[in-house]
Each structure stands twice: as C-alpha cells, then as structure tokens.
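Structure assessment
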Amino acid sequence: MKNKVVLIGVNNYNGLGLVRGFGENAIKPYGIIVGVEGKLGGGFIHKSKYWKNVWLVDHAEDSVECLLKNFSNEEEKPIVISYVDKVTQLLDARYNELSKLFILPSINQQEDAINVLANKFEQVQFAKMLGINMLETKIIELATVSQNNDNHYPVILKPVQGGEGDKYDISICYTEDEYNGAIQALKVKGYKRILQQPYLQDRQEYVVFGALDKKYDFCSYTVIHNLRQYPSAFGIGCFSEYITESNDKAVFNFAKLLMQKIMDYGYSGSIDIELFKDCNNEIYINEINWRVGGRNFVSLDTKIYSTIWWAQLQGGMDIDCFRQHTVNNVEGFSMKETEDVKNVLYHQIKFKDWIKDYRRTTNFAVKNKKDKKPKLFLSSYINTVVICVYASEI
C-alpha cells in the first residue's frame with residue numbers, strides 16, 4: 001500500500017491494539033499521540049515496536065496542526081484514523097479542507113455529519129429513522145432544570161457527547177435527592193447540559209465494533225459480551241466473551257442488521273457501538289461511537305482486522321482479498337488486564353476466580369509476546385496490584 005497511515009489519539013488501549021493490528025499486517029503506521037507527558041511515567045503506547053514514527057503533542061488541537069505540518073505534501077493521500085472522540089470531532093469539523101489532503105472517515109463525505117450524530121440525542125432520532133431500538137434519551141439544560149421532576153428512577157446522567165466531559169462524571173441516581181445532588185455537582189464542574197437515560201439495572205452489555213464502507217459494500221465487525229466492567233456500575237468492559245451466531249443468535253443478528261443499515265446510510269470508517277439487552281431480552285443501542293474503540297485489540301486473536309482492511313480498501317486493495325471472512329464467528333475471551341484486576345482489588349470478584357478467568361482468556365489488551373515493551377512498562381503496576389490483592393485474601 002502506497003498510502004501512509006496516520007493514527008491519532010491518546011495513551012490508551014484503543015491505539016495500542018490498533019498499531020499492533022497494522023503491524024501484524026505488515027503496515028507500520030505513523031502516530032500522533034496527545035497528552036502523553038506526565039501520564040504513567042510518560043505513557044506506554046508509543047513504546048510499541050510497530051510504529052514507523054511518533055509525534056507527541058500537548059492538546060488535541062495540536063494533533064491536527066502536526067498532521068498538516070508533516071503529511072500535507074504526500075504523493076498519495078495519507079489515511080488518517082482517530083481513536084478518540086475529540087480528534088474525531090476536530091477532523092470532521094474541517095472535513096472539506098482536510099479531505100483535499102487526506103483520506104478520512106465520513107458520512108456521505110459531508111462536513112460535520114459525524115459531529116451531528118456524535119450527539120447522543122441525535123443518535124436516538126437516527127436509530128428511529130433506521131428502525132432500530134435505542135434507549136430513550138433527553139438532554140437536560142442545567143440552567144433551567146427543575147428541583148421537582150417526573151423522572152422514573154433510576155436514571156443515568158452522562159455527557160451529551162464524548163468531547164463534552166469525562167466518563168468519571170457519570171452519575172446513577174436512584175432517588176430525587178440523589179438526582180438533585182448530581183445536577184448541582186455537574187453545575188459546579190462547569191457543565192451546561194447533560195444527557196439523561198433510564199438506567200437498566202438488570203441488563204447485559206454488548207459491543208459491536210468494526211468498519212464500514214458503502215462504496216465497497218464493506219461491512220466487517222466483531223461482537224462481544226461484557227461479562228465484567230470497571231467501575232462496575234458504568235465502566236467500560238474489561239472481561240468479555242466473543243459472540244457468535246451459535247452462542248447468541250439474537251444479539252448476533254441484531255448487530256448484523258444494525259451494521260448493514262449504518263453502512264447503507266453512507267458511513268465510511270471505524271465504528272464502536274454499545275448495546276444493552278434488558279430483562280425481557282429486548283435489545284437496544286446505548287450509544288454509537290464514530291471511531292475506533294477500545295476493544296479493537298481483539299482482532300489480534302480473531303484475525304478480523306476490520307479497520308486495517310478498511311484502510312487497505314482506501315489504498316486500493318481489492319476487497320475480494322478478504323470479502324469472504326469479514327465477520328467474527330470464533331469463540332474466545334478478552335481481558336483488559338490492568339483494568340479488570342481492579343475488580344479484585346475493590347472486592348467485586350475473588351482473586352481465585354479472577355485467576356480462572358485470566359487463564360481462560362485468549363487475548364489481552366497489554367500482554368503480547370510479539371510486542372513486549374508496553375507490557376514490560378506496565379508489568380510493575382500489575383504485579384503490585386496482584387500482590388496486594390493476594391495478600392488481602394490470605
């Protein structure tokens with residue numbers, strides 16, 4: 001492939017899995033990493049052996065300027081892939097300008113179309129248009145919210161879109177007093193608005209992630225079932241099982257229909273979608289992320305390299321090279337080991353049970369025999385936590 005690949009994001013598992021996936025497919029990407037200095041001793045993602053070159057910048061806005069400075073004069077347009085919300089939004093806001101120089105994800109090649117559908121309230125309308133269930137959602141303007149409301153508790157409050165706040169500001173409210181307290185706390189933190197959804201207590205969580213392109217009739221994805229997450233109430237899945245047509249046909253078919261409809265709508269790029277199944281086995285979209293997600297490291301196990309294949313298509317590769325096997329249908333388990341072990345530390349699971357899950361895991365977020373530097377960098381942290389946990393159970 002003649003096109004250079006540029007990955008832009010922060011120091012997280014999303015990018016680590018992504019650079020490893022490209023490397024395993026004999027493509028060395030370039031990286032622009034935001035805000036690494038001072039985090040985990042300077043970060044771990046840029047230590048991967050698979051990078052061609054890496055630039056470290058302070059802010060998301062700096063990443064776009066770094067891209068323009070270093071890649072504006074290429075003979076073939078570089079393929080640019082973001083794996084964080086803020087950068088995705090910045091690129092889409094300047095799509096008309098940047099698409100003259102780079103190949104970027106888009107919805108029907110329209111500027112700001114992704115940004116519109118990054119708003120979770122807009123996603124509800126989008127889902128209705130597609131004929132797909134999504135949790136009812138409303139946006140609360142904090143300046144005008146009433147102390148007395150008609151909420152049916154529990155509810156969950158979270159940022160309207162990824163670039164507007166921190167996931168650790170998410171609040172689950174079981175009573176009106178808790179709700180009013182959470183609203184006040186969000187006001188103090190500077191929030192102007194917040195998204196509210198019903199909180200499904202007896203739910204199962206799934207993720208469908210992959211890449212799409214209507215032009216090539218390309219629809220590639222993997223589905224996983226989050227068996228455990230951290231934090232337990234609203235965190236991101238850290239121990240998951242791969243979903244196949246044989247072990248959960250209903251979720252598998254829901255994901256197939258959903259991805260096909262989004263592809264047909266005109267989206268080109270990577271995507272990460274959270275799904276809920278309630279106690280009545282109804283399946284809903286929880287949210288859509290128009291970027292590479294944190295579970296893409298699973299591709300190193302399943303060999304379903306959705307985002308890498310999308311990039312290769314943009315670079316001119318014939319889709320027939322991989323058309324016959326674009327959806328995962330093998331079984332296995334994945335673990336974000338540095339996050340999942342916290343469930344033991346905070347007594348969500350017994351240490352011996354966690355060890356059993358660790359041993360049956362077929363793919364890890366950090367541990368990788370072919371790319372050891374990021375693992376070695378974090379190993380002291382993991383070992384310390386494990387020792388503390390073990391000591392607490394003796």
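Residues numbered from 1 in each chain as written. Predicted model: local features only at pLDDT ≥ 70, side-chain atom pairs only at ≥ 80, totals over all residues. Heavy atoms only, no water.

What follows deals with the nonpolar core. Grouped together as the largest cluster of nonpolar side chains are 49 residues, with contacts concentrated most on Leu7, Phe22, Leu67 and Ile81. A per-element tally of this core places helix H2 (residues 60–71) first, with six residues. Setting aside residues no more than four positions away along its own chain, Leu67 makes contact with Val6, Ile8, Ile32, Ser72, Val80, Leu91 and Phe102. Counting 33 residues, the second-largest nonpolar core is a separate cluster that includes Phe126, Phe254, Tyr267 and Trp290. (Core = buried A, V, L, I, M, F, W, Y, C linked by side-chain atoms within 4.5 Å. Buried < 20%, exposed > 50% of the residue type's maximum accessible area, 1.4 Å probe, protein only. Helix = DSSP H or I, 4+ residues; strand = E, 2+ residues; numbered from the N terminus. Contact = heavy atoms within 4.5 Å.)

This part is about the side chain of Lys158. Topologically, Lys158 is positioned in strand E7 (residues 155–158). You can call Lys158 buried: its relative accessible area is 7%. At 3.0 Å, the side chain of Lys158 forms a polar contact with the side chain of Gln197. Ignoring any residue separated from it by four or fewer positions in sequence, one finds Lys158 in contact with Lys120, Ile170, Ile194, Leu195, Gln197, Asn286 and Glu287. (Polar contact = N/O pair within 3.5 Å; in protein donor to acceptor, adjacent residues only side chain to side chain.)

To continue, consider the environment of Ala365. Here Ala365 is to be found in the loop between strand E16 (363–364) and helix H14 (372–393). For Ala365, the residues in contact, after removing those within four places along its chain, are Tyr13, Leu16, Arg20, Phe297, Met335, Lys336 and Glu337.

Before going further, it helps to spend a moment on helix H1 (residues 13–24). The end-to-end C-alpha separation of H1 is 16 Å, in line with the 16 Å expected for twelve residues at 1.5 Å each. With eleven of twelve residues buried, H1 is to be regarded as a mostly interior element. Three or more residues of H1 are buried, namely Tyr13, Asn14, Gly15, Leu16, Gly17, Leu18, Val19, Arg20, Gly21, Phe22 and Gly23. Its side-chain oxygen placed 3.2 Å from the backbone nitrogen of Asn14, Asn12 serves as the N-cap of H1. Positive phi appears at Ala26, one or two residues downstream of H1, with a value of about 65°. (Expected span 1.5 Å × (residues − 1).)

A few words on the packing of aromatic side chains. The full count for this structure, using the stated rule, is 14 aromatic pairs. On the basis of an interplanar angle of 25° and a centroid distance of 6.0 Å, the ring pair of Tyr230 and Tyr346 is categorised as stacked. Here Tyr346 lies in the loop between helix H12 (342–345) and helix H13 (351–360) and Tyr230 lies in strand E11 (residues 218–230), a separation of 116 residues in the sequence. Among the aromatic residues, ring-to-ring pairing joins Phe126, Tyr265, Tyr267 and Trp290 into one connected group. Between Arg203 and the ring centre of Phe276, over which it is positioned, the NZ or CZ distance is 5.1 Å. The side chain of Arg360 reaches across the aromatic face of Phe333, ending 4.4 Å from its centre. (Phe/Tyr/Trp six-rings, centres within 6.5 Å; stacked < 30°, edge-to-face > 60°. Lys NZ or Arg CZ within 6 Å of the ring centre and 35° of its normal.)

This part covers the sheet that holds strand E4 (residues 79–82). Strand order in this open sheet of four strands is E3-E2-E1-E4, and the pairing throughout is parallel. Whereas interior strands pair on both sides, the edge strands pair on one side only; in this sheet they are strand E3 (53–57) and E4. For this sheet, the mean angle separating the axes of adjacent strands, direction not counted, is 20°. Taken together, the five bridges between strand E1 (residues 5–10) and strand E2 (residues 30–34) define a ladder with parallel strand orientation. Its bridge partner being in E2, Gly9 is matched across the sheet by Ile33. (Pairing = 2+ DSSP bridges. Axes fitted to C-alpha atoms, helices over the stretch in contact; angles between N-to-C directions.)

With that out of the way, let us pick up the pattern of salt bridges. Tallying each qualifying case throughout the model produces 18 salt bridges. A salt bridge links Asp85 to Arg291; the nearest nitrogen and oxygen atoms lie 2.7 Å apart. Of this pair, Asp85 sits in helix H3 (residues 85–93) while Arg291 sits in the loop between strand E14 (283–289) and helix H9 (299–302), and the two are 206 residues apart along the sequence. Note on Asp85: relative accessible area 23%, which makes it partly exposed. Between Arg228 and Asp340 there is a salt bridge; the shortest N-O distance is 2.7 Å. (Salt bridge = Lys/Arg side-chain N within 4 Å of Asp/Glu carboxyl O.)

With antiparallel pairing, four strands are arranged side by side in an open sheet as E6-E9-E7-E8. Strand pairing shows two members of the sheet lacking a second neighbour, strand E6 (138–141) and strand E8 (171–173), which therefore form its edges. Averaged over neighbouring strand pairs, the angle between their axes works out to 30° when direction is ignored. Pairing of E6 with strand E9 (residues 193–198), which is carried by four bridges, proceeds in the antiparallel orientation. Its bridge partner being in E9, Ile140 is matched across the sheet by Ile194.

From the geometry alone we can't say anything about function, so treat these as descriptive.
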